[in-house]
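Next come the chains, spelled out residue by residue.
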Amino acid sequence: MENARRPQIRLRFYRRAARYCTSERLSPRKGEERENPETSGMLFGMNFFKNSFVALAALPCFFSAAPAQDVPQQKELTIEAIFAEGGISGRAPEFVQWSPDGKKLSFVQRDQADERGELWYADPSTGEKKLLVSEARMAGLAPPIGATKNEREKERVTRYHVAQYQWAPDSRHLLFNSQGQLWLYDTDNSTAVALTSAPEPSADPKFSPDGARLAYVREHNLYVRPLSGKREKQLTKDNAGGNQLNGEVDWVYAEELSVRSNYFWSPDGGSIAYLQMDEGRVPSYPITDWLGGKPRVEMQRYPNAGDPNPGVRLGVVGTSGGKTRWAELADKEEIYIPRFGWVRDGVLWAEVLNREQTKMDLYFIDARSGHSKKVLTESDPEGWINVNDVFRVLNSGDRFLWSSWRDGHTQIYLYSFDKANPTGADAKLERQLTQGGFEVFSVDGVDEAAGVMYFSSNQGDPRQQQLYSVKLDGSELTKLSREEGVHEAAFAKNGKLYADSFSSYLKPPRLAACDASGGCKPVWESRNVEHYKLRTPEALEFKAEDGTRLLGSLLLPENPGAAKIPLIIYVYGGPAAQVVRDVWEGSHGEALFHQAMAARGFAVFSVDNRGTPGRDRKFQTAIRHQFGGIELKDQLTALDQLLARYPQLDPKRVGTWGWSNGGYMTLYGLTHSDRFAAGFSVAPVSDWHYYDSIYTERYLGLPKENTAGYAKSSTVKAAMQLHGSLAMAHGTSDDNVHMQNSIEMLEALIRADKPVSFMPYPGKTHGIDGSADKIHLFRMIEQHFERELQQ
């Protein structure tokens, strides 16, 4: 359930696109320019104007918005429009990346149906866009994700943002991963050369620092090959019958620790540091594909709470081959190694987290001997340690950045160490770089020449995310982003340019290339959505029983009439996500669905209870060692205050729904209160014994040490107390929250003689993706609430 960190520059909103060109636009107009000489099969051109951007109406169809109109003609917001391919705002650029020299901001732009695409780049100094790889080439080098037949693989690629291409260090060549086969593309002459041809797919490819060699993972092992055409060399060998992953990431590390790669080149290219994971003791879970003839079963390694985790150890192997040298770290069986890398040639760093996730040790390691020195310890025995990507060694070679919420808020700290002998002594705290009543979400870039760090935080409003800078001496805190809403910045390597992905509640996503002063050139903009007459919910505040400030939102029908208004509460409630944010949520569909429900006479309400992220340590850790109770108490307390303020809302016609943890909260609300007339639970956890070890134990602790907490948090055990009309839905191939959760809940409801409606989605994973399935699901939710709350 953990929110994934980006391994490359990306947009965090869902992939959208504009309309494809019609046949009369196949030939470029006078003045249109293409970067590549290869023009066969290209679908459109680009019209450039000096020192300015072309108006969206003049851009090629991949970038086009809706036709300009003086007065937008109002359209009905339907479920079909919301979940059509590309949605109402258009398909956004995918795989946004900076070239290593910082001169190109590249991205894949696909058509509305996700069938065809091209690779473009924007010049950050002028904003001009040029074609880099044609549609004809992209069809073979980077097939659309929608073409992937395996639903689990499709969700893995989209959920964890697996890039289809990457830049070589020379900023001239591109590496494509075409369904497991690696291709090297030369942007100067538009030619591609196959680098692999093995029947087994290659994954997670990385150039050596000098760009002369390539490393990748195949069948759980690491390989290296030169780009000159010589044969590949296998560096590791799986000695555990398929249970050892050398440099490969398993499911639970990817999902709950946001690990995207488990190996890294040394700066001189002579060695590779990698994590070896042994899954031999990890239980397997059957994922059954019921479609297409005889059912097929795929076994997934998945540790439930309390189960054995993968055994891990950190090693270094020479890129010319030889034995692995293993790092000397204590307590190998009960640790996580969520982050590691190189301090410099010959010295590694590694973050080591205990199983309880209450203590994080930072080690510096001699790569030649394996000797390690613990240089810093971060502990929180009354809470937990959040893993993130803040740690980085500065180019000076004697300082690093560190994240901690030791002062009550997540802030950034600067440490120093002995450059000549990193393993000789503890790291020394130099200063706290950020401080105040806000949360720092990420360190986005560092310009050491200017002595500046760039970071994202919610200073001033937990519902927003803005970009800031601060000097490395802790002075001159400056806000760079300007518009209210959510900004996600991805900096070029030099720390002087960044891509800004922005949206707000009523402003769909747009992408810009910006400099460090905050000056931006637009790159892409969503379609105009004004004709749907979307409305901003009312921003509300409430008080929890202990006086804690809770933030909520309410969307009322535009013309409710004299009758009492039925109310739908949309809930997530867990530690992985906020619901009340000033961000465009139309990409996933829930927020637009709520707009459609308001048009049908419903009020829609949300509140972020204690335990959700984006607030201080006390707020987040209030749920420690329990799930459900405090969250529901806050939801009902806010509901009482809402009903007192808005007497037009009908307290007898209140429904609730949610997905994943929100699905769990729906089940918990209907089994632990009598306030809800109806609920719709999608892909829920029903008992936390059935969810994975890392996420569950971080908040609930180990089952053997918190038996009562697990029992009280179970909705299966409370099935006999169900109130209201319950409907449920689950994807049969969900490898995140297994369908076992819904099956166990259904069995408990049957034993308790409680009626329930259930819809399984064949072959679908946790997101139940696909236009037809989403339309079907949200129609069911709509009909459930119309039937139970409006009649």
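About the cut-offs
- Residues numbered from 1 in each chain as written.
- Predicted model: local features only at pLDDT ≥ 70, side-chain atom pairs only at ≥ 80, totals over all residues.
- Heavy atoms only, no water.
- Helix = DSSP H or I, 4+ residues; strand = E, 2+ residues; numbered from the N terminus.
- Rg over C-alpha atoms; globule rule 2.2 N^0.38 Å.
- Buried < 20%, exposed > 50% of the residue type's maximum accessible area, 1.4 Å probe, protein only.
- Contact = heavy atoms within 4.5 Å.
- Areas by Shrake-Rupley, 256 points an atom, 1.4 Å probe, with all protein chains shown as cover.
- pLDDT = per-residue confidence, 0-100.
- Disulfide = S-S within 2.5 Å.
- Pairing = 2+ DSSP bridges.
- Right-handed = clockwise from strand over helix to strand, strands pointing away.
- Patch = residues over 30% accessible without salt bridge, like charges linked within 9 Å, V, L, I, M, F, W, Y side chains within 5 Å.
- Salt bridge = Lys/Arg side-chain N within 4 Å of Asp/Glu carboxyl O.
- Lys, Arg positive; Asp, Glu negative; His and termini not counted.
- Charge placed at Lys NZ, Arg CZ, Asp CG, Glu CD.
- Core = buried A, V, L, I, M, F, W, Y, C linked by side-chain atoms within 4.5 Å.
- Axes fitted to C-alpha atoms, helices over the stretch in contact; angles between N-to-C directions.
- Phe/Tyr/Trp six-rings, centres within 6.5 Å; stacked < 30°, edge-to-face > 60°.
- Parallel < 35°, antiparallel > 145°, perpendicular 65-115°, else oblique.
- Nonpolar A, V, L, I, M, F, W, Y, C, P; charged D, E, K, R; others polar.
- Expected span 1.5 Å × (residues − 1).

**Structural notes on the overall build of the chain**
No. 1: Within the chain, the secondary structure is distributed over twelve helices and 43 strands.
No. 2: Taken over the C-alpha trace, the chain has a radius of gyration of 26 Å; the compact-globule value for 791 residues is 28 Å, and the two agree within 12%.
No. 3: Along the three orthogonal principal directions, the C-alpha set of the chain runs to about 75 × 70 × 65 Å.
No. 4: Counting only residues that meet the buried cut, the chain has 61% of its 791 residues in that class.
No. 5: Sequence separation of at least 24 residues holds for 60% of the intrachain contacts in the chain that already meet a minimum separation of 6.
No. 6: For the chain, the computed accessible surface area is about 30800 Å², with 48% contributed by carbon and sulfur atoms.

**Section: the confidence of the model for the chain**
A low pLDDT means the predicted coordinates there should not be read in detail.
No. 1: Looking at the chain as a whole, its pLDDT mean stands at 89, while 90% of the residues score no less than 70.
No. 2: Confidence drops under a pLDDT of 50 for residues 2-71, and excluding neighbours within four residues, the segment shows 207 contacts in the predicted structure.

**Examining the state of the cysteines**
No. 1: A complete count under the given rule lists one disulfide for this structure.
No. 2: Sulfur-sulfur distance for the disulfide between Cys 514 and Cys 520 comes to 2.1 Å. One disulfide, between Cys 514 and Cys 520, carries an S-S torsion of 105° and so falls in the right-handed class.
No. 3: With relative accessibility at 37%, the residue Cys 520 sits in the partly exposed group.

**Examining the pairing of strand E38 (residues 565-570)**
No. 1: Taken across its six residues, E38 has six buried, putting it largely inside the fold.
No. 2: With burial as the criterion, each face of E38 is covered, one bearing Ile 565, Leu 567 and Ile 569 and the other bearing Pro 566, Ile 568 and Tyr 570.
No. 3: Summarising the sheet, E38 and strand E40 (residues 649-659) pair through five bridges and their orientation is parallel. Looking across to E40, one finds that Ile 569 is bridged to Thr 656.
No. 4: In this sheet, strand E39 (residues 603-608) lies alongside E38 in parallel orientation, the contact comprising three bridges. Of the residues in E39, the one forming a bridge with Ile 569 is Phe 605.
No. 5: Taken together, E38, helix H5 (residues 590-599) and E39 constitute a β-α-β crossover, and its handedness is right-handed.

**Let's talk about the environment of Ile 335**
No. 1: Within the secondary structure layout, Ile 335 lies in strand E20 (residues 335-344).
No. 2: The class for Ile 335 is buried, based on a relative accessible area of 8%.
No. 3: As for Ile 335 and Glu 476, which are separated by 141 residues in sequence, their C-alpha atoms are 39 Å apart.
No. 4: If near-sequence neighbours (up to four positions away) are discounted, Ile 335 is found in contact with Tyr 253, Val 312, Ala 330, Val 352 and Leu 353.

**Side note on a positive patch on the surface**
No. 1: On the surface, a cluster of positive charge is contributed by Arg 325, Arg 344, Arg 368 and Lys 419.
No. 2: Looking at where Arg 344 falls in the secondary structure, it is placed in strand E20.
No. 3: Judged by relative accessible area, Arg 344 falls into the partly exposed class, the value being 34%.

**A short note on the nonpolar core**
No. 1: Within the largest apolar cluster, 139 residues are counted, with the highest numbers of intra-cluster contacts made by Phe 400 and Trp 657.
No. 2: Not counting residues up to four positions away in its chain, the partners in contact with Phe 400 are Leu 362, Phe 364, Leu 376, Phe 391, Arg 392, Val 393, Tyr 413, Leu 414, Tyr 415, Phe 417 and Ala 427.
No. 3: In this structure, Phe 95, Leu 132, Trp 167 and Leu 174 belong to the second largest nonpolar core, which totals 16 residues.

**Overview of the sheet that holds strand E33 (residues 497-504)**
No. 1: Taken together, the four strands give an open sheet; going across it, the order is E32-E33-E34-E35, and neighbouring strands pair in antiparallel fashion. In this open sheet, the two strands that pair with only one neighbour each are strand E32 (486-491) and strand E35 (520-525). In this sheet, adjacent strand axes meet at a mean angle of 25° when their direction is disregarded.
No. 2: Pairing between E33 and strand E34 (residues 507-515): seven bridges, direction antiparallel. Its bridge partner lying in E34, Ser 501 is registered against Leu 511.

**Considerations on the packing of aromatic side chains**
The description of an aromatic ring pair rests on the distance of the ring centres and on the angle between the ring planes.
No. 1: The full count for this structure, using the stated rule, is 35 aromatic pairs.
No. 2: Taken together, a centroid distance of 5.1 Å and an interplanar angle of 70° make the contact between Tyr 695 and Tyr 699 edge-to-face. Taken together, the residues span about one helical turn, with Tyr 695 and Tyr 699 both in helix H9 (residues 693-700) at a distance of four residues.
No. 3: A residue is classified by how much of its surface remains accessible, and Tyr 699, at 2% relative accessible area, is buried.

**Observations regarding the packing of helix H7 (residues 629-645) against helix H8 (residues 661-672)**
To characterise two packed helices, one gives the angle between the axes of the helices and the distance between these axes.
No. 1: It is at 10 Å that the axes of H7 and H8 come closest, and there the two elements cross at 75°. In this view, H7 runs roughly perpendicular relative to H8, as classed from their interaxial angle. When H7 is examined against H8, the residues Gly 629, Glu 631 and Leu 632 are found in contact with a partner set consisting of Met 665, Tyr 668, Gly 669 and His 672.
No. 2: A breakdown of the residues in the contact of H7 with H8 according to their chemical character gives three nonpolar, three polar and one charged.

**Topic: the sheet that holds strand E21 (residues 347-354)**
No. 1: With respect to topology, four strands assemble into an open sheet ordered E20-E21-E22-E23, the strand pairing being antiparallel. Either end of the sheet is taken by a strand with one partner, and the two such strands are E20 and strand E23 (372-379). Going from strand to strand, the sheet's axes swing by 20° on average, the running direction of each strand aside.
No. 2: Bridge count for E20 against E21 is seven bridges, and the pairing is antiparallel. From the neighbouring strand, Arg 344 faces E21, where its bridge partner is Val 347.

**Focus on H8**
No. 1: Here H8 is twelve residues long and its end C-alpha atoms lie 16 Å apart, about the 16 Å a rise of 1.5 Å per residue gives.
No. 2: In terms of burial, H8 is largely enclosed, as eleven of its twelve residues are buried.
No. 3: Of the positions making up H8, those classed as buried are Asn 661, Gly 662, Gly 663, Tyr 664, Met 665, Thr 666, Leu 667, Tyr 668, Gly 669, Leu 670 and Thr 671.

**Quick notes on unusual backbone geometry**
No. 1: With a phi close to 60°, Ser 190 is a non-glycine residue in the positive phi region.
No. 2: Within the secondary structure, Ser 190 sits in the loop between strand E7 (181-186) and strand E8 (191-194).
No. 3: Residue Ser 190 is classed as buried on the basis of its relative accessible area, which comes to 3%.
No. 4: Positive phi, normally seen in glycine, also occurs at Lys 533, with a value near 55°.

**Some words on H7**
In an α-helix, one full turn covers 3.6 residues, which means residues spaced three or four apart are oriented alike.
No. 1: Helix length check: H7 (17 residues) gives 25 Å between terminal C-alpha atoms against 24 Å at 1.5 Å per residue, within 8%.
No. 2: Within H7, burial applies to Glu 631, Leu 632, Asp 634, Gln 635, Leu 636, Thr 637, Ala 638, Leu 639, Leu 642 and Leu 643.
No. 3: Contacts from the buried residues of H7 go to strand E36 (538-543), strand E37 (549-555), E38, E39, E40 and H8.

**Description of the pattern of salt bridges**
No. 1: Per the stated rule, a full pass over the model turns up 33 salt bridges.
No. 2: Between Arg 751 and Glu 747 there is a salt bridge, and its shortest N-O distance comes to 2.6 Å. Residue Arg 751 and its partner Glu 747 are located together in helix H11 (residues 740-751), separated by four residues, close to a single helical turn.
No. 3: We classify Glu 747 as partly exposed; its relative accessible area is 33%.

**Notes on the pairing of strand E2 (residues 105-110)**
No. 1: A large share of E2 lies buried, amounting to six of its six residues.
No. 2: Burial along E2 is two-sided: the face carrying Leu 105, Phe 107 and Gln 109 and the face carrying Ser 106, Val 108 and Arg 110 are both buried.
No. 3: Hairpin remark: strand E1 (residues 94-98) followed by E2, antiparallel, with six residues in the connecting loop; positive phi at Gly 102, about 75°.
No. 4: The turn linking E2 back onto strand E3 (residues 117-122) is made up of six residues, and Asp 114 within it adopts a positive phi angle of 60°.

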